[in-house]
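Close look at the chain arrangement
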Amino acid sequence: MGENGGTPSDDKATSKPRSKDRPSDLELMKERFSKLLLGEDMSGHGKGVSSALALSNAITNLAASVFGELRRLEPMPTERKAMWKREVDWLLSVTDHIVEMVPEQKSMDGNLMEVMVTRQRRDLQMNIPALRKLDAMLIGALDNFKDQKEFYYVSADANDTRGEKWWIPTVKVPPNGLSEVIRKWIQVQKDSVNQVLKAAMAINAQILSEMEIPEDYIESLPKNGRASLGDSVYRSITVEYFDPGQFLSSMDLSSNHKILDLKNRIEASIVIWKRKMTNKDGKSAWASAVSMEKRELFEERAETVLLIIKQRYPGLDQSQLDVSKIQFNRDVGHAILESYSRILETLAYTVLSRIEDVLYADSLTQNPALASCKRSPLQSSDSDPLNFPNPKEEIEKLSAGPPQSMTLSDFMGWNLEKEDEEKKDSGGKSEEPPKDEGRTITKLANIITNKKVSYLEKLENLGGLRSPTGRVW
């Protein structure tokens, strides 16, 4: 042993503190899956939650630790991005072992025989690749903002008068506003993220609709729809001539709490009416003097109002029905799909909100009077609020649409190519009208491999759409 401390034993001694500071991937994986096996009950007494809920909580908590509140439009740090990819892959790996038995033709000794083989469950086979694609697109959308230099952030001040979320940094733009190129590029990013949001919402709503309504939730319901809705709301829904838009305009929707309360009451009334329509026992406590036809009509009206609320206010907290379904769900596949689509919906909504912050700051340079007006919460701009996004259709739009992940330099180069094409067209070299802006320059790879599976063919049993900002993160 020399005085310079260069022996192998000394090297091992100096490496131990590093191992404690930064556990290996194997150690982290052991820790994660140990918590899942224990159902989050670290005492080992078997009082933990179900495997489904443990996985749902693990995905939700991982997203909270990685993404936080996402206060700025900027690329994620490399280390956090690697952590997210590594650990979400671990949790999603469970789905590789959730299988179903299917018949398959095999040749044995020259004879064609049908045997049963295992394959990944169909809903997982279809939706996990789609959600991974949405995940990559959102991370890419944040990466795209690395080149922009026109807007920046000023740290929040505790004396900020903006009210809610005053801690979010303030966006600053040039005195004359953003340049036209940047403004158009940001709009492209907004459209792309909005498409991801719609796809994640659709998948999440589909999964929630497939989850059973827990008995605990049913037992907590009042005996009829009138008691659930209240006399005033019940009368508004059961009038002879019903208009959903007019109905909502007559409701007090001045705060998220009041909107969520209305949503909870409407969902409860829908469950009550559906149970009464399917109940065969006339002596049941669910029985009522209201005719089957009227009850069906009221249920359809309530479904319509619920769909409009989901479309118009994507940032609501989770409804009581959603929370109950997630808490009592025992299907591990559903738990993973629901939680993964929910956190992607949350992330997309948050990115969209940060993009709106930039556009709002830009609009103030054009019209300073807007500063005295209260900003409305981010709402859907869809012209048809009754057309709730269909998972299959939204994913196909992402696959076949314009480039969805485009850096600023790519966008500027793309604009130059478009201008050249327009000049050629205006020069009379082609009689064809110019192509629509943003058409397929590059097509995304398909993210659903088999399109035979039907998703939302009816707007029934949506069971409530989860709301991004109501989550832990």
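From a predicted model like this one, the values you see are computed outputs, not experimental measurements. (Residues numbered from 1 in each chain as written. Predicted model: local features only at pLDDT ≥ 70, side-chain atom pairs only at ≥ 80, totals over all residues. Heavy atoms only, no water.)

**Structural notes on the overall build of the chain**
Tallying secondary structure elements over the chain gives 16 helices and four strands in all. Among the 473 residues that make up the chain, the fraction classed as buried is 42%. By sequence separation, contacts in the chain at least 24 residues apart represent 78% of the contacts at least 6 residues apart. (Helix = DSSP H or I, 4+ residues; strand = E, 2+ residues; numbered from the N terminus. Buried < 20%, exposed > 50% of the residue type's maximum accessible area, 1.4 Å probe, protein only. Contact = heavy atoms within 4.5 Å.)

**Focus: the pattern of salt bridges**
Any two side chains of opposite charge can pair, so long as their charged atoms come close to each other. Evaluation of the coordinates by the stated rule reveals 17 salt bridges. Its salt-bridge partner being Arg-226, residue Asp-231 comes within 3.5 Å of it at the nearest N-O pair. For Asp-231, a relative accessible area of 43% corresponds to the partly exposed category. Residue class for Arg-226 comes out partly exposed when judged on its relative accessible area of 38%. (Salt bridge = Lys/Arg side-chain N within 4 Å of Asp/Glu carboxyl O.)

**A word on empty space enclosed by the protein**
According to the stated counting rule, one finds one cavity of 30 Å³ or more in the structure shown. Its boundaries defined by the atoms lining it, the largest cavity holds a volume of some 40 Å³. Residue contributions to the lining of the largest cavity peak at three residues, all from helix 3 (residues 51-67). A per-class count over the lining of the largest cavity returns five nonpolar, two polar and one charged. (1 Å grid on protein atoms, 1.4 Å probe; cavity = no way out; pocket = protein on both sides within 12 Å on 5 of 7 lines; lining within 4 Å. Points joined across faces, edges and corners; volume = space filled by probe spheres on them. Nonpolar A, V, L, I, M, F, W, Y, C, P; charged D, E, K, R; others polar.)

**Focus on the confidence of the model for the chain**
This prediction gives the chain a mean pLDDT of 78; 70% of its residues lie at or above 70. The weakest mean pLDDT in the chain belongs to helix 1 (residues 8-21) at 46; the strongest belongs to helix 13 (residues 320-328) at 95. Taken as a whole, residues 1-19 scores under 50 in pLDDT and shows four contacts with residues more than four places along the chain or in a different chain. (pLDDT = per-residue confidence, 0-100.)

**Remarks on the packing of aromatic side chains**
The tally for this structure, following the rule as stated, stands at seven aromatic pairs. Cluster of aromatic residues (ring-pair linked, three or more members): Phe-145, Phe-151, Tyr-153 and Trp-185. (Phe/Tyr/Trp six-rings, centres within 6.5 Å; stacked < 30°, edge-to-face > 60°.)

**Let's talk about the pairing of strand 1 (residues 99-108)**
As judged from the 10 bridges shared by strand 1 and strand 2 (residues 111-120), these two strands associate in the antiparallel manner. Across the sheet, Glu-100 pairs through a bridge with Arg-119, a residue of strand 2. If you look at the hairpin formed by strand 1 and strand 2, you'll find two residues sitting between the two strands, and Asp-109 has a positive phi there, around 55°. (Pairing = 2+ DSSP bridges.)

**So, the side chain of Thr-350**
Tracing the backbone through its elements, the reader meets Thr-350 in helix 14 (residues 332-366). For Thr-350, a relative accessible area of 12% puts it in the buried group. At 2.8 Å, the side chain of Thr-350 and the backbone oxygen of Thr-346 are in polar contact. For Thr-350, the contacting residues outside a window of four places in its chain are Glu-69 and Leu-70. (Polar contact = N/O pair within 3.5 Å; in protein donor to acceptor, adjacent residues only side chain to side chain.)

**Some thoughts on the nonpolar core**
In this structure, Leu-73, Trp-84, Phe-151 and Ile-186 are the most contacted members of the largest nonpolar core, which totals 61 residues. Contributions of two or more residues to this core are made by helix 3, helix 4 (78-92), helix 5 (122-143), helix 6 (180-210) and helix 14. Per-element accounting of this core gives the leading share, 14 residues, to helix 14. Excluding anything up to four places from it in sequence, Trp-84 contacts Leu-62, Ala-63, Val-66, Phe-67, Asp-89, Asp-135, Tyr-340 and Ile-343. (Core = buried A, V, L, I, M, F, W, Y, C linked by side-chain atoms within 4.5 Å.)

**Some words on the side chain of Thr-60**
Mapped onto the elements, Thr-60 comes out in helix 3. Overall, the relative accessible area of 4% leaves Thr-60 in the buried class. Here Ser-56 takes part through its backbone oxygen, which lies 2.9 Å from a polar atom of the side chain of Thr-60.

**Remarks on a negative patch on the surface**
Taken together, the side chains of Glu-212, Glu-215, Asp-216 and Glu-219 present a region of like negative charge at the surface. Position of Glu-215 among the secondary structure elements: in helix 7 (residues 215-219). (Patch = residues over 30% accessible without salt bridge, like charges linked within 9 Å, V, L, I, M, F, W, Y side chains within 5 Å. Areas by Shrake-Rupley, 256 points an atom, 1.4 Å probe, with all protein chains shown as cover. Lys, Arg positive; Asp, Glu negative; His and termini not counted. Charge placed at Lys NZ, Arg CZ, Asp CG, Glu CD.)

**So, the environment of Leu-297**
Checked against the element boundaries, Leu-297 lands in helix 12 (residues 292-312). Overall, Leu-297 belongs to the partly exposed group, its relative accessible area being 37%.

**Let's talk about helix 2 (residues 25-37)**
Helix length check: helix 2, at 13 residues, gives a terminal C-alpha distance of 18 Å against a target of 18 Å (1.5 Å per residue), a fit within 8%. Within two residues after helix 2, Gly-39 carries a phi angle of roughly 65°, on the positive side. (Expected span 1.5 Å × (residues − 1).)

**Focus on the packing of helix 11 (residues 256-278) against helix 12**
Between helix 11 and helix 12, whose axes approach to 9 Å, the crossing angle comes to 150°. It follows that helix 11 is roughly antiparallel to helix 12 by the angle criterion. For helix 11 against helix 12, the interelement crossing comes out left-handed. Contacts between helix 11 and helix 12 involve Ile-259, Leu-262, Lys-263, Ile-266, Glu-267, Ser-269, Ile-270, Trp-273, Lys-274, Lys-276 and Met-277 on the former and, on the latter, Met-292, Arg-295, Glu-296, Phe-298, Glu-299, Ala-302, Glu-303, Val-305, Leu-306, Ile-309 and Lys-310. In the contact of helix 11 with helix 12, the residues fall into 12 nonpolar, one polar and nine charged. (Axes fitted to C-alpha atoms, helices over the stretch in contact; angles between N-to-C directions. Parallel < 35°, antiparallel > 145°, perpendicular 65-115°, else oblique. Left-handed = near helix turned anticlockwise from the far one by under 90°.)

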